[in-house]
Amino acid sequence: MVTSWQPELVTDDLVALTHSLGEPAKDLVILAEGNTSRRLADGRIVVKASGAYMSTVTRDDFVVTDVQPLIDLMDDPTSTQEDLTEMLDTGEHTGTRRRASIETLVHVAVQSVQPTAYVAHTHPTSVLGLLASVHAESAFAQWVYSDEAVVIGTPLFVPYAAPGIALGRLFLQRLRDYVATRGELPSVVLLGNHGIVAIGGSAEAVEAITLMTVKGARTRVQALSIGGVIGLGDDTVAHYFERTDMAERRKNLAGTA
């Protein structure tokens, strides 16, 4: 079985991260939107189950899934959405059917390209507004303030695809291309008309990346409302990545655990 229900493998920090990102006041998700995952020592991931509210999850609301079989499914052009649904299903446990989130493919794609500790997918209203606009692909093309450059680096933009196998395939392709070009994972992936994916070496890192992306979106919307955005420019930002303190901050955010 590719996916199983093993609540004993769910850690306190994953539950706490999920609760924090699910807080209604943060406006990152609503209802059962969003999902989080943590990489296990054996390479599998623990990921939120479909239909569970992030704000109220318990250990019972996560499942464990293998990475490679789902990568093989995406790489096989004959695989279907029904094949994916079957692989994500664990059956019924404690009176509830437990199935990994339909967006699990995003999480396993990250682990297959370059293993990392945590992945968090949310739908912040402020970011989604930009990603559903005519500025979607170019909105984050330039940094607009220094901490943004350090914390979220250079985002990856992925155009809209239907959640499930279509999004998984496109996400995996774009992620492979990004890492082949830059030699490292992006800290944040912007999904057109959909949301964001934060990637980091700790629960604190992925939450910081998520919140910084939200701040960046709000800043851009305000700038656009009064005439347009003026970015910092690559030359202005370049020295941040050469400074020892900034390099350490980036390493702490992206490092694996």
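Below: a short report on this structure. (Residues numbered from 1 in each chain as written. Predicted model: local features only at pLDDT ≥ 70, side-chain atom pairs only at ≥ 80, totals over all residues. Heavy atoms only, no water.)

### Brief notes about the pattern of salt bridges
A side chain with one charge may pair with a side chain of the opposite charge, provided their charged atoms come close. One pass over the structure, following the stated rule, counts nine salt bridges. Across the pair Arg44 and Asp42 runs a salt bridge, and its minimum N-O distance is 2.9 Å. Notably, a salt bridge pairs Arg98 with Asp61, separated by 3.2 Å at the nearest N-O pair. Here Asp61 lies in the loop between strand 3 (45–48) and strand 4 (62–65) and Arg98 lies in strand 6 (residues 96–99), a separation of 37 residues in the sequence. Residues Arg98 and Asp61 agree in their burial class; the two are buried. Among the charged side chains, a network of salt bridges with common partners joins Glu23, Lys26 and Glu207. (Salt bridge = Lys/Arg side-chain N within 4 Å of Asp/Glu carboxyl O. Helix = DSSP H or I, 4+ residues; strand = E, 2+ residues; numbered from the N terminus. Buried < 20%, exposed > 50% of the residue type's maximum accessible area, 1.4 Å probe, protein only.)

### Points about the pairing of strand 2 (residues 35–39)
By the bridge criterion, four bridges tie strand 2 to strand 7 (residues 118–122) in an arrangement that is antiparallel. Bridging across to strand 7, Arg38 finds its partner in Tyr118. With three bridges joining them, strand 2 and strand 3 adopt antiparallel strand pairing. Within strand 3, the residue paired with Ser37 across the bridge is Val47. With antiparallel pairing between neighbouring strands as the criterion, strand 2 and strand 3 make up a hairpin whose turn holds five residues, including Gly43 at a positive phi of roughly 95 degrees. (Pairing = 2+ DSSP bridges.)

### Notes on the packing of aromatic side chains
Across all of its chains, the model carries zero aromatic pairs by this definition. The ring of Tyr145 is capped by Lys215, whose NZ or CZ atom sits 5.0 Å from the centre of that ring. It is Arg220 that lies over the ring of Phe140; its NZ or CZ is 4.1 Å from the centre. (Phe/Tyr/Trp six-rings, centres within 6.5 Å; stacked < 30°, edge-to-face > 60°. Lys NZ or Arg CZ within 6 Å of the ring centre and 35° of its normal.)

### Thoughts on the packing of helix 4 (residues 104–113) against helix 7 (residues 165–182)
Orientation of helix 4 relative to helix 7, taken along the N-to-C sense of each, is 25 degrees, at an axis distance of 9 Å. Comparing their axes, helix 7 and helix 4 come out roughly parallel. Regarding helix 4 and helix 7, the two cross each other, and that crossing is right-handed. For the pair helix 4 and helix 7, contact is made by Leu105, Val106, Ala109, Val110, Ser112 and Val113 and by Ile165, Leu167, Gly168, Phe171, Leu172, Leu175, Arg176 and Val179, respectively. Taken together, the residues that form the contact of helix 4 with helix 7 break down as 11 nonpolar, two polar and one charged. (Axes fitted to C-alpha atoms, helices over the stretch in contact; angles between N-to-C directions. Parallel < 35°, antiparallel > 145°, perpendicular 65-115°, else oblique. Left-handed = near helix turned anticlockwise from the far one by under 90°. Contact = heavy atoms within 4.5 Å. Nonpolar A, V, L, I, M, F, W, Y, C, P; charged D, E, K, R; others polar.)

### Here we look at a nonpolar patch on the surface
A surface patch of nonpolar side chains, amounting to about 320 Å² of accessible area, comprises Ile30, Leu31 and Tyr53. Tracing the backbone shows Ile30 in the loop between helix 1 (12–21) and strand 2. (Patch = residues over 30% accessible without salt bridge, like charges linked within 9 Å, V, L, I, M, F, W, Y side chains within 5 Å. Areas by Shrake-Rupley, 256 points an atom, 1.4 Å probe, with all protein chains shown as cover.)

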